[in-house]
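# Chain and residue survey
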Amino acid sequence: MPNLTPVFFEVKSSVSPLPELFAASRTAVLRDLEVTHGILLPEMRANDPLLRTSLQRWPGRAYLQSRPDGVWLTLVRRAAPRPRERWWLHALLALATLLTTTLAGAVLAGSWAPAFRDVSMLGVELPLPVGSAAGLLPGLWFSLPLVAILLAHELGHYLLARYHGLDVSPPWLIPAPPVVNLIGTFGAFIRLRSPLVNRAVLLDVGAAGPAASFVLSIPACAAGLLLSTHRAAPPGYGGPRLGVVLADDSFFALGSSPIFGLLAGVLAPPLPGAVLALHPLAVAGWFGFFFTMLNLFPASQLDGGHVAYALSGPRGHRAASLLCLAALLALGWVWPGWWVWGALVLILGRGRLRHPPVAEPGFRLTGWRRVLAWACLLGLGLSFVPVPA
């Protein structure tokens, strides 16, 4: 998910570019971006040859929108160089996450039981896994697709932010020891350091991540379900019919979302008296849908919150956030983990449900962008799991 910087409007005046286009305009420098916003000359239309020629030589991004009072144009270009990134640190965290998710995957595959020994490195005691490499190799069925889904999600945000000329950090992947976290990671995020110009930019950046992870989770689930096997249900077991057989031969049940249930019904139909022991690849796809669902909740600064703000503005976003938080509190009586996620939503918003504003709030979503926004909400419904475990 993109973590937005909340303070936008430390501005100073600047000379307006392309003055031959505007009847009236205003230019300001918003942190690292120069933004010019104004209405075009009355005789000028969106397909005017002079406008097209001028925009072809513009060194940044341009956003046009026809409104009842005329055609409005927003010009954006960088006003400061991007900072140098510590790519080595991002790569190191990605490798650490690949290691911890491989360990977790080996546990899910039943080929390795959690065991660590402390090893001193540069005076620091670090826990390293104990066991043969052969026992860890099956964990790659889980770790490689899961890390790929997480990276695809964050790279979706990253690439769309760069497309719009924004300053954004590379993805941060967060490793977690399997003894602390079942899947070996706490997820991933990026840091967006530029202000958001309008709702179109907000939607593009916010929706790109969940769209990428949702789409990539489908083939992971489909292939993993084909590799999954049915096993006799434990005596007296009446819980969910799909889950994971752990290294100690215990059965860890998982809930089902509409999209996962549809795939499982087609590719691994249920058998009487049996449970579906998911292959680690299917588990990676399951968690891909699960992370997509969590990010698509329309609250605070989650991806779904960005979509809600882009679609309906600050009032609509606040209403959606309040409804989402109320739903999480109610769902917590069914699965207490929703209370934890509700608390995280508040933490992300620093105790509030407000969304940082965009520089040009009058820009409205139209055409395919409105379709994309509603598709994101549909994705939330398709990937929603009322009781994950």
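Reference entry: report on the structure contained in this document. This is a predicted model, so every value here is computed, not measured.

## Thoughts on the overall build of the protein chain
- A tally of regular secondary structure across the protein chain gives 10 helices and 13 strands.
- Overall, the C-alpha framework of the protein chain stretches about 80 × 50 × 40 Å when taken along its three principal axes.
- Taken across its 389 residues, the protein chain has 50% of its residues classed as buried.
- Taking as baseline every contact in the protein chain between residues at least 6 positions apart, the subset at least 24 positions apart corresponds to 71%.
- Positive and negative side-chain charges in the protein chain, numbering 28 and 17 respectively, have mean positions lying 5 Å apart.

## Points about the environment of Ser143
- You can see Ser143 is positioned in helix H4 (residues 140-163).
- The class of Ser143 is buried, set by a relative accessible area of 0%.
- For Ser143, the contacting residues outside a window of four places in its chain are Leu98, Thr101 and Thr102.
- There is a polar contact of 2.8 Å between the side chain of Ser143 and the side chain of Thr102.

## Re the environment of Leu246
- Its place among the elements puts Leu246 in the loop between strand E11 (242-245) and strand E12 (251-253).
- On the basis of relative accessible area, Leu246 is assigned to the buried category, the value being 17%.
- Linking Leu246 and Trp112, residues 134 residues apart in sequence, is a C-alpha distance of 9.2 Å.

## Quick word on the side chain of His37
- Residue position: His37 is located in strand E3 (residues 33-40).
- Given a relative accessible area of 16%, His37 falls into the buried group.
- Only 2.9 Å separates the side chain of His37 from the side chain of Thr74, close enough to count as a polar contact.
- Non-local contacts of His37, meaning those with residues more than four positions away in its chain, are made with Ser25, Arg26, Arg67, Trp72, Leu73, Thr74 and Glu360.

## Topic: the packing of H4 against helix H7 (residues 280-296)
- Their axes nearest at 8 Å, the elements H4 and H7 cross at an angle of 25°. As the angle between them shows, H4 and H7 are arranged roughly parallel. Handedness of the H4/H7 crossing: right-handed. Across from Trp141, Phe142, Pro145, Leu146, Ile149, Leu150 and His153 in H4, the residues of H7 making contact are Pro280, Leu281, Val283, Ala284, Gly285, Phe287, Gly288, Phe291 and Asn295.
- Tallied by class, residues from the contact of H4 with H7 come to 12 nonpolar, 4 polar and no charged.

## Points about the side chain of Thr36
- Structurally, the position occupied by Thr36 is in strand E3.
- Here the side chain of Thr36 touches Thr27 through a polar contact of 2.7 Å, side chain to side chain.

About the criteria used
- Residues numbered from 1 in each chain as written.
- Predicted model: local features only at pLDDT ≥ 70, side-chain atom pairs only at ≥ 80, totals over all residues.
- Heavy atoms only, no water.
- Helix = DSSP H or I, 4+ residues; strand = E, 2+ residues; numbered from the N terminus.
- Buried < 20%, exposed > 50% of the residue type's maximum accessible area, 1.4 Å probe, protein only.
- Contact = heavy atoms within 4.5 Å.
- Lys, Arg positive; Asp, Glu negative; His and termini not counted.
- Charge placed at Lys NZ, Arg CZ, Asp CG, Glu CD.
- Polar contact = N/O pair within 3.5 Å; in protein donor to acceptor, adjacent residues only side chain to side chain.
- Axes fitted to C-alpha atoms, helices over the stretch in contact; angles between N-to-C directions.
- Parallel < 35°, antiparallel > 145°, perpendicular 65-115°, else oblique.
- Left-handed = near helix turned anticlockwise from the far one by under 90°.
- Nonpolar A, V, L, I, M, F, W, Y, C, P; charged D, E, K, R; others polar.

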